[in-house]
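# Residue-level structural notes
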Amino acid sequence: MSAQADDTSTMSAECALAQQPGYSKLHSDCRQTKDVPLPHGRGILLVPRCTCPHHRYSSPR
């Protein structure tokens, strides 16, 4: 077995699968492009944005 080069634990399911050979086109299907806060959660995120390096945003907010 070989270790995976990128940590996919903070990526969307589409981008994590896109790291595998033959699935690279799935990056365009990612819908986690911005943070979704928990209503009245005082900064708690319901869904964090994907941290995949293939997205246009590069620095966290």
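Residues numbered from 1 in each chain as written. Predicted model: local features only at pLDDT ≥ 70, side-chain atom pairs only at ≥ 80, totals over all residues. Heavy atoms only, no water.

Residues other than glycine seldom take positive phi values, yet His 40 does so here, at roughly 60 degrees. Within the secondary structure layout, His 40 lies in the loop between β1 (36–37) and β2 (45–47). The phi dihedral of Arg 42 falls on the positive side, at around 50 degrees, and the residue is not glycine. Relative to the helices and strands, Arg 42 is located in the loop between β1 and β2. (Helix = DSSP H or I, 4+ residues; strand = E, 2+ residues; numbered from the N terminus.)

In this structure, His 55 sits in the segment after β2. Each residue touching His 55, except ones within four places of it in the same chain, is listed here: Cys 15, His 27, Cys 30 and Cys 50. (Contact = heavy atoms within 4.5 Å.)

A grouping of Val 36, Leu 38, Ile 44, Leu 46 and Val 47 is seen on the molecular surface, where their side chains present a nonpolar patch of about 390 Å² in accessible area. With respect to the secondary-structure elements, Leu 46 resides in strand β2. A relative accessible area of 53% means that Leu 46 is categorised as exposed. (Patch = residues over 30% accessible without salt bridge, like charges linked within 9 Å, V, L, I, M, F, W, Y side chains within 5 Å. Areas by Shrake-Rupley, 256 points an atom, 1.4 Å probe, with all protein chains shown as cover. Salt bridge = Lys/Arg side-chain N within 4 Å of Asp/Glu carboxyl O. Buried < 20%, exposed > 50% of the residue type's maximum accessible area, 1.4 Å probe, protein only.)

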